[in-house]
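# Close look at the chain arrangement
Residue strings, one per chain:
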Amino acid sequence: MTQLVIIGCYLGLLLLLGVFSSRLFRGTSKDYMLASHSIGPFLLLMSIFGTTMTAFALVGSTGEAFKEGVGVYGLLASSSGIVHSLCFFLLGIKLWTLGHKYGYTTQIQFFRDRLQSDKIGVLLFPILVGLVIPYLLIGVMSSGSVISSMTAGKPTPAGIVDGAFERGTFPDFLELGKNSEGELTFAAGSAGGFPKHLASLIVCGVVLVYVFFGGMRGTAWANAFQTIVFMILGCVTFYVIAMKLGQQSTLLESMRAATARLPKEKLIRGMVGSHEGMSKVKFFTYMLVPLSVGMFPHLFQHWLTAKNANSFKLPVIAHPIFIMIVWVPCVMVGAWASSDLFFGTLPLPLQAKLAGNANIVLPVLVKTLAGPVLGGFLTAGILAAIMSSLDSQFLCIGTMFTEDIVKHYSAKDSISDRKSIFIARWFIILIVLITYALSLLEPKSVFTLGVWCFSGFSSLFPLVFAALYWKRLTKAGGYACVIAAFGSWLYLFRDSGFAKNTDYALYIPGTEYEILPVAAMVLCSTLSMIVASLVTKPPEEEHLKRFFA
Amino acid sequence: MNKVVWGLVVLLIILHQDNWLWDNDTLVGGFMPVTVLWHVGISLGAAFTWFLATKFAWPVPPENVPAEEGAKS
């Protein structure tokens, strides 16, 4: 129950922050969607970092390291440090400059203008929204699971003990879950914890309140606050878990003791990816996955909030270090959790649960090794990472619907500024409700689905890059890029059994070189864009001057 | 200097592909797997490279960009 009180206080604090930031709201749509271009370097760093670090950064990285070992850091984190900042530097600053000059609020406005095509928005809107939704689902589902598992009791032969709630506190549909035999039981459901669907609903409600009232300013402040929370608490978690696992007098000695118990396959990079290990070519193609940040619509919106171009300097420099601060402790802790120091000491039912769902490793570690007070704070830290992405994504979809659909297809000046805010707010509510409803269906392979979404955004990266750096890009080239990206994504997604095959990979024709599907998608969209652009008439020089001055 | 910065970015991408440490399970200082330490170095190297980029390859003048008349927002 202590954890639940701390989590409740944390969520209450966020609500207060939302109310506070709404007092700073200037009442215009520009302020609601872009914080009136007023965000300075520190707030920009924290909000961009908080937005790009999803549930995957804490919960997923620990789970992956538990399964695959410490090589996960090189696979996903250090490459992001290079590529994310590259995107901020090459794309963010230019898009901010153009956005500020021509008054864009969304990506689609930029592409419509650059490609001189109205219909490109009709093509891009459902694709961008469709790729963001699974990303949102990861956050909504993870938040409920984290709160529920942190407040759940321990399974014993006599039943569940030490849970926050007795059986019967909530209705059966919230408390019961299917066990491996398909029977509905309390142990397989909430197990005395706060029911996950109810927890997800509350988290959605809190995020909705501060996004609804505070808009982008509220989101930026909440992101900054939450980023500080999850970074500090992440370090505290690392310290506590290392000391408890290593059982030595100093941190260094405890880390030595914990790492010494890891088998070789958890200490090398070569075994990451599957039981046989990953090919070097496939490892290289992982570098393409972080390119997705270049096409995230919510990140585009955050870039436009910057006060000036110099505000980008701090995020560009500090982003790789921040990734390191969050990922290294998570990866080490996840690997340690697989050793006999922790996994071997767990009761068999819990071992089976962890083996089936590695994403619960971090909550289980914290719950087992930290006291209830620290456990509560650490849960707040995990929730902070999750919510700092959810808020931007909700706001972004509301903004896109208002700007790219409603305002774009309404008669000029028929939508007042006040009405724009009204529409954005109500569309945000609708998106929250849809996402929450989808989360109730509990799609099992949601994390794998997340990787597919990143790949989809990466395959659109050539479009934004060419739009900014290649004068010869034409309208036809833009369409060809989007259609090829989405077509190849859909084909490969279907071929992977709709993400059911988690080890799905392709081979370079005529060779045994394994690559990620994203490599084929990026190649396909890039080639289509180049060929279609070169065979069609180039844009007018006068038009290009607006973008390549 | 601009070319040096972009050269460093390419170097980081090459160094990231650390085939030479593929099966190396050495523990540095008795607690840090060498593959993690290498990639921590890549992260720090990336931060340093981007620091140089902001000093020597910054793409726009530091002053504010004026909004054009008739801009959408």
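Our subject is the structure that appears above.
Presented here is an overview of the structure given in this document.

All right, on to the nonpolar core then. Of all hydrophobic cores here, the largest spans 207 residues; its most connected members are F110(A), W327(A) and W336(A). Setting aside residues up to four positions removed in sequence, F110(A) forms contacts with L95(A), L98(A), Y104(A), F300(A), A467(A), L468(A) and F547(A).

Listed as interface residues are 50 residues of chain A and, on the opposing side, 43 residues of chain B. Here chain A meets chain B over a buried area of about 4,500 Å², counting both sides, of which 71% is carbon and sulfur. Sorting the residues of chain A by area buried against chain B places I82(A), F89(A) and R269(A) first, and these three jointly supply 15% of that buried surface. Taken together, the connections running from chain A to chain B amount to nine residue pairs in polar contact (both at pLDDT 80 or more). Of all the elements in the fold, those that place two or more residues in the side of chain A that touches chain B are α5 (72-102), α10 (251-260), α11 (280-285) and α13 (313-337) of chain A. Here the side of chain A that touches chain B gets 16 residues from one element, more than from any other, and that element is α5(A).

What follows is about the environment of F25(A). Residues and elements named next belong to chain A. Relative to the helices and strands, F25 is located in the loop between α1 (2-23) and α2 (29-34). Counting along the chain gives 133 residues from F25 to A158, while the straight-line C-alpha distance between them is 55 Å. Setting aside residues no more than four positions away along its own chain, F25 makes contact with D31, Y32, I421 and R425.

Let us look at empty space enclosed by the protein. Residues and elements named next belong to chain A. Counting across every chain of the model gives six cavities of 30 Å³ or more. Together, 14 residues line the largest cavity, and L58, L233, G234, T237 and L362 are the ones closest to its centre. Mapped onto the lining of the largest cavity, the elements with two or more residues apiece are α9 (196-246), α13, α15 (361-369) and α16 (372-407). With five residues, the top contributor of residues to the lining of the largest cavity is α9. Split into classes, the residues belonging to the lining of the largest cavity amount to 11 nonpolar, three polar and no charged.

So, how was this worked out
- Residues numbered from 1 in each chain as written.
- Chains lettered and ligands numbered in written order.
- Predicted model: local features only at pLDDT ≥ 70, side-chain atom pairs only at ≥ 80, totals over all residues.
- Heavy atoms only, no water.
- Core = buried A, V, L, I, M, F, W, Y, C linked by side-chain atoms within 4.5 Å.
- Buried < 20%, exposed > 50% of the residue type's maximum accessible area, 1.4 Å probe, protein only.
- Contact = heavy atoms within 4.5 Å.
- Buried area = accessible area lost by both parts, 1.4 Å probe.
- Polar contact = N/O pair within 3.5 Å; in protein donor to acceptor, adjacent residues only side chain to side chain.
- Helix = DSSP H or I, 4+ residues; strand = E, 2+ residues; numbered from the N terminus.
- 1 Å grid on protein atoms, 1.4 Å probe; cavity = no way out; pocket = protein on both sides within 12 Å on 5 of 7 lines; lining within 4 Å.
- Points joined across faces, edges and corners; volume = space filled by probe spheres on them.
- Nonpolar A, V, L, I, M, F, W, Y, C, P; charged D, E, K, R; others polar.

Shape is all these values report; function is a separate question.
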